[in-house]
Amino acid sequence: MALTSAEIADSPLILPLIQQQSSTMQQAFHANPRLSSVFATQQRWLLAHAAVALSFREGPPGMPSLTLSRFLDEVTTHQIASRNTADAFLKEMLHYGYAISTTNPSDRRSRPIVVSPEALQTLRGWAIAHLVTLDRLDGGTRLAAFMASEDAFARLQTGIAEGLLTNAAIRQPQRTFSLFTWLNNGGVIMDWLITNLGEVSPDGSRYATSISSIAEISGWIKLSRTHLARKLREAGAMGSMGWTDRQGTMWVSAGFVCEMIEAQAVKLAVIDAACERFLTPSPDGPPGNRMS
């Protein structure tokens, strides 16, 4: 059975594991900041998942592709963004070569859009990082099953996207977490906070961090220091973070850490449900036969 978000959040292993996962995500960002910008906000992250899943569902085997009209329909169905925003997103992907416009020999009016191998590899790496976390939580073999099948990513990605696009907790984050989800590179900022968490205070109310300045991150995520400082002040007004008097380092409240754990747990549960559905062998055949 797939792990539930409650089971994941309650695991004593979850915080160090998501710290390792966030470190992996930061490495991916530094390796290719421009491509990582595809996931810069919650909305763009969902648009990317929707586009890739659609391309796997509707493109020919070995050539994941989609059409603009079907992508806009998908975005509208799930209310991810306006059609204009979705159209601009896809045009940006085409501009940077993360999607490629092709021709259909059988229909000159149709111009399928192929997702680039580089973009697919980035999303595949994202999936692997989360499978590693899930396996370390319960000693599972999800990653082995994923690596054993050539089409595992295509099958798994469609299930992950469906789960993400229909999960209210993911679509509508609450409290402090919501301050960063719509911020440019908000996910990178959250990874930055998680990876820098240190010891919890004796009273359990807050976590120390090694962060002494916001200048470093505001530079490499190309976000104005003023804008980032404003968001951090908003979080501070909610009691979610602040600065120590003596060391001049940031602290993060235990409540905000719980929010981050809960958000990761919901996402990991969605991914594990997709694993259960598309990677686990069924009585009727090999993995992926259970499409209902």
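Our subject is the structure listed above.
Given the structure is predicted, the values throughout are model-derived calculations rather than measurements.

A. Highlighting the sheet that holds strand E7 (residues 250-253). If you trace the 4 strands from one edge of the open sheet to the other, you get E4-E5-E7-E6, paired in antiparallel fashion. Either end of the sheet is taken by a strand with one partner, and the two such strands are strand E4 (197-200) and strand E6 (241-243). Each adjacent strand pair in this sheet contributes to an overall mean axis angle of 35 degrees, direction not counted. When E4 meets strand E5 (residues 206-209), the two strands line up antiparallel, connected through 2 bridges. Across the sheet, the residue bridging to Val200 is Tyr207, located in E5. Taken strand by strand, helix H15 (residues 254-278) contacts E4, E5, E6 and E7, and its axis lies near 70 degrees from that of E7.

B. Examining unusual backbone geometry more closely. For Gln79, which is not a glycine, the phi torsion comes out positive at approximately 55 degrees. Tracing the backbone through its elements, the reader meets Gln79 in the loop between helix H5 (68-78) and helix H6 (83-95).

C. Examining the side chain of Thr133 more closely. If you trace the backbone, Thr133 turns up in helix H7 (residues 117-138). Since its relative accessible area comes to 3%, Thr133 is described here as buried. Setting aside chain neighbours within four positions, we find Thr133 in contact with Leu17, Gln21 and Leu268.

The rules we used
- Residues numbered from 1 in each chain as written.
- Predicted model: local features only at pLDDT ≥ 70, side-chain atom pairs only at ≥ 80, totals over all residues.
- Heavy atoms only, no water.
- Pairing = 2+ DSSP bridges.
- Helix = DSSP H or I, 4+ residues; strand = E, 2+ residues; numbered from the N terminus.
- Axes fitted to C-alpha atoms, helices over the stretch in contact; angles between N-to-C directions.
- Contact = heavy atoms within 4.5 Å.
- Buried < 20%, exposed > 50% of the residue type's maximum accessible area, 1.4 Å probe, protein only.

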